[in-house]
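Here is what each chain is made of, one letter per residue.
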Amino acid sequence: MNNQRKNNDNEFLLKKSNSLLGAKFNMTPLAYDALNFVMLKAQNSNFTKKEKLQIILYINDLNNLINRGKNIYRDTKDLASALLAPTMLIERSDGFEMFNIITNVDMLGGSAINDDGGRKNEESKSLRITFNDSIRDHIYDLKTGYGIEDISITSLFKTYSTKKIYELLIKGVYKLNTQESVTTEYRLSEFKFLTGTADVD
């Protein structure tokens, strides 16, 4: 991953609205890394407003990004399920918005058996991911109220809560210069909810 970053420092920069950065939901660390990766791919694609937001995620590409030192191919089904599961809650001044970022996940390639009866190469596995159209306002054409996240850094954090703390820290950084600082206060209960550490049982 470090070699990849040296090749292109902007390759892993994902621009998110502050609402998305502060959205309340919970995911596994692997699923959140995958979500960031496919949102980056969607952001870098030239979708028209009429086109369905649909991305192909090659499992090998994700495996290279997160660099966990283990093979994640056998966890593909669990990953697909985790991407579909969470409902995102975004607070607004006039109320709130709730939606699933991803509405559909299909496995492509990587079937168990080749025509010759041998095992098919797992590196051909990919997921076709379809986004909820509501995500457009949070990753496209952002002029104000956003943060720029380096997902190659986010992927280094081992827990979902540390990933979210990093995101909370970069909210609104776009409007600061090197001489400025910003202070944000959270109620403890709100902070736990935002970072996925609240006990909701």
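Remember, it's a predicted structure, so these values are computed and weren't measured experimentally.

Glancing now at the overall build of the protein. Per the secondary structure count, the protein includes nine helices and seven strands. Expressed as a percentage of the 201 residues in the protein, the buried residues total 41%. Put simply, 70% of the contacts in the protein that link residues at least 6 apart link residues at least 24 apart. Taken as a whole, the protein presents about 11700 Å² of accessible surface, with 46% of it coming from carbon and sulfur.

Within the fold, Ser19 resides in helix α2 (residues 18-21). By relative accessible area, which is 31% here, Ser19 ends up partly exposed. It is 9.8 Å that separates the C-alpha atoms of Ser19 and Gly147, two residues lying 128 residues apart in sequence. Ignoring sequence-local partners within four residues, the contact set of Ser19 consists of Ile90 and His138.

Moving on, we get to the nonpolar core. Counting residues in hydrophobic clusters, the biggest one holds 40 residues, and the most contacted among them are Leu35, Ile101, Ile102, Ile129, Phe131 and Ile135. Where this core is concerned, the elements lending two or more residues are α3 (29-43), β2 (54-58), α4 (59-66), α5 (76-84), β3 (88-92), β5 (102-108) and β6 (126-131). Take this core: its biggest share by element is ten residues, from α3. Apart from residues lying up to four places away in sequence, Ile129 is in contact with Val38, Leu53, Gln54, Ile55, Leu57, Leu83, Ile102, Asn104 and Val105.

This part takes up the sheet that holds β2. Strand order in the open sheet made by the three strands is β2-β6-β5, with antiparallel pairing throughout. Because the sheet does not close on itself, it has two edges, and the strands there are β2 and β5. The mean angle between the axes of side-by-side strands here comes to 25°, regardless of whether they run parallel or antiparallel. Of the pairings in the sheet, the one linking β5 to β6 comprises six bridges and is antiparallel in character.

Strand β7 (residues 146-150) sits mainly inside the fold: four of its five residues count as buried. In this sheet, β7 lies alongside strand β1 (residues 13-17) in antiparallel orientation, the contact comprising five bridges. Bridging across to β7, Ser17 finds its partner in Tyr146.

Quick look at the side chain of Glu97 now. Mapped onto the elements, Glu97 comes out in strand β4 (residues 95-99). The exposure class assigned to Glu97 is buried, which follows from its relative accessible area of 19%. Contact partners of Glu97, with chain neighbours within four places excluded, come to Met88, Leu89, Ile90, Arg92, Ser134 and His138.

Rules behind the numbers
Residues numbered from 1 in each chain as written. Predicted model: local features only at pLDDT ≥ 70, side-chain atom pairs only at ≥ 80, totals over all residues. Heavy atoms only, no water. Helix = DSSP H or I, 4+ residues; strand = E, 2+ residues; numbered from the N terminus. Buried < 20%, exposed > 50% of the residue type's maximum accessible area, 1.4 Å probe, protein only. Contact = heavy atoms within 4.5 Å. Areas by Shrake-Rupley, 256 points an atom, 1.4 Å probe, with all protein chains shown as cover. Core = buried A, V, L, I, M, F, W, Y, C linked by side-chain atoms within 4.5 Å. Pairing = 2+ DSSP bridges. Axes fitted to C-alpha atoms, helices over the stretch in contact; angles between N-to-C directions.

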